[in-house]
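Below, each chain spelled out in residue letters.
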Amino acid sequence: MSELALLGGPKAVTCDTDLNSPMKKWPIFTEEEENAILDVLHKNSMSDTGLAKEFEAEFAKWMGTEYALGFNNGTASLLASFYGVGIRKGDEVICPSVVYWAACTSLLSLGAVPVFADLSRDTLCIDPDDIERKISDKTKAIIVVHYLSHPCDMDRIMAIAKKHNLKVIEDVSHAQGGKYKGQMLGTFGDVAAMSLMAGKSFAIGEAGMMVTNSKEIYEHARALGHYERFTENTTTCEDLLPYVRMPLGGYKFRMHQMSAAVGLVQIKYYDERCKEIRKAMNYFWDLLEGVPGIRAHRTNEAEGSTMAGWYAAHGIYVPEELGGLSITRFCEAVRAEGVFECTPGANLPLHSHGLFKTADVYGDGKPTRLAYATRDVRELDKDLEFSNVVGKYVYNIPWLKKYIPEEIEQYANAFKKVALNYKELLADDPGDPEHIGAWHFHKANK
Ligand SMILES: *Cc1c(COP(=O)(O)O)cnc(C)c1O
């Protein structure tokens, strides 16, 4: 009989794999959050801003930035950041193609032009060499996403930005609290924005946060969708003063007070909980060091770089070391061992979606992405070699929240067993479909 569960052998994972088990449960809420939410209800202050401002102050202190501004979601915090750094019609903005759509899609509403860059194979983050190749005299900014919790190569990116006088917007939605060479992610660029929605590692419900050290960026970002806080008393930028008390974008971006209330509790425990997650995840990867076909997606902690709360944990697949076994078949065998999370792929590349190819959203008579462009930037998408196939080289792994060695060993053994017995899987390998991955990650819902 085969050792592999897929071929009739015993399962490697026999522990409780439920998403509500101590190992998997996230976020962790206690009576403290419940009381904080009830307090908002009892005070009838759901749409006020007091708690949001308190949470912003705590968040800025935690990040070490001058300013923090709360939003109703991460998507809005990104749009306001784009506006805040001065991105306007016709500006080209470089961003990774393999990423969740909110990292860049709202650029279209500003008339800006997304220019996609490829990923680095080891970090799965934007490739600095490709950023350089995509720069033109129209380039205004770079959006970097610390993807799947991995910090981008900020040394190189900031050097490129400086050389070409470009703004840098960090999307920290996957990596709140993570560090690059000892420095907090979100404090390298001109501004950082992030989601704090319920599925992320810093999870407080529907909410987003923007942080910056620039008063000008802060005030301009606030003017777009925070009309009640955009006043003559709080505004110092001359160009904004004539327009106070109206949201310049016609948006309303206020954070819900229940989210702020949860945030004020979560922020007290977040770093400590992330530390435990990293201990668990690093142990998982340590157990798999040297196993053929398998590479960790993680940082060099000795350098002071961390994977934050290890949101959307993924592994890197090396099929050449497993006789070319497809990732589809590999993951099928790992799932059979009892690791239900192990699915192939990450986000599908945005440049392959019709929204960035043909859609005329605002009636410009041409694709929205090109409405104010001076060149057909879709031509540049042809070079996104790794982005087009990234799904064949990455897979989901369990997001482990507790250091319980016996359980972690079971998970690691599932991967190891499949990798070491790969030859038995080659015969019935159906190969990979053309597209692997999804536009958005799904979480089991009730
Ligand atoms: C979740 C996410 C966002 C959007 O945040 P919302 O709070 O869902 O609006 C933006 N960028 C990335 C990379 C994300 O994962």
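Residues numbered from 1 in each chain as written. Predicted model: local features only at pLDDT ≥ 70, side-chain atom pairs only at ≥ 80, totals over all residues. Heavy atoms only, no water.

Undergrad: Mind showing me how you'd approach the sheet that holds strand E12 (residues 394-396) here?
TA: The strands making up a sheet associate through hydrogen bonds between their backbones, and the pairing can be parallel or antiparallel. Here we have 3 strands laid out as an open sheet, ordered E10-E11-E12, and antiparallel in their pairing. This sheet does not close on itself; its edge strands, each paired only once, are strand E10 (294-295) and E12. Across the sheet, helix H8 (residues 327-336) is in contact with E10, strand E11 (314-317) and E12; its angle to E12 comes to roughly 25 degrees. (Pairing = 2+ DSSP bridges. Helix = DSSP H or I, 4+ residues; strand = E, 2+ residues; numbered from the N terminus. Contact = heavy atoms within 4.5 Å. Axes fitted to C-alpha atoms, helices over the stretch in contact; angles between N-to-C directions.)

Undergrad: Looking at this structure, how should I read the packing of aromatic side chains?
TA: Note on aromatic pairs: each is described by the distance of the centres and the angle between the planes. Taken as a whole, this structure holds 24 aromatic pairs when the rule is applied. Both rings, one in Phe59 and one in Phe202, keep their centres 5.7 Å apart while their planes meet at 55 degrees; by these two values the pair is tilted. Of this pair, Phe59 sits in helix H2 (residues 50-63) while Phe202 sits in the loop between strand E8 (191-195) and strand E9 (208-212), and the two are 143 residues apart along the sequence. We classify Phe59 as buried; its relative accessible area is 0%. Consider the rings of Phe284 and Trp285, whose centres lie 5.1 Å apart with planes at 75 degrees: the pair is edge-to-face. This pair shows no difference in class: Phe284 is buried, exactly as Trp285 is. Taken together, Phe284, Trp285, Tyr317, Phe330, Tyr395 and Phe415 form an aromatic cluster joined through their ring pairs. Looking at Lys89, its charged tip hangs above the ring of Tyr372, at a distance of 5.0 Å from the centre. Here the guanidinium or amino end of Lys401 rests over the ring plane of Trp399, the centre of that ring lying 4.0 Å away. (Phe/Tyr/Trp six-rings, centres within 6.5 Å; stacked < 30°, edge-to-face > 60°. Buried < 20%, exposed > 50% of the residue type's maximum accessible area, 1.4 Å probe, protein only. Lys NZ or Arg CZ within 6 Å of the ring centre and 35° of its normal.)

Undergrad: Help me understand a nonpolar patch on the surface in this model?
TA: On the surface, a cluster of nonpolar side chains totalling about 240 Å² of accessible area is made up of Leu38, Leu41 and Met46. By the secondary structure assignment, Leu41 is in helix H1 (residues 31-42). Using a relative accessible area of 41% as the deciding quantity, one classes Leu41 as partly exposed. (Patch = residues over 30% accessible without salt bridge, like charges linked within 9 Å, V, L, I, M, F, W, Y side chains within 5 Å. Areas by Shrake-Rupley, 256 points an atom, 1.4 Å probe, with all protein chains shown as cover. Salt bridge = Lys/Arg side-chain N within 4 Å of Asp/Glu carboxyl O.)

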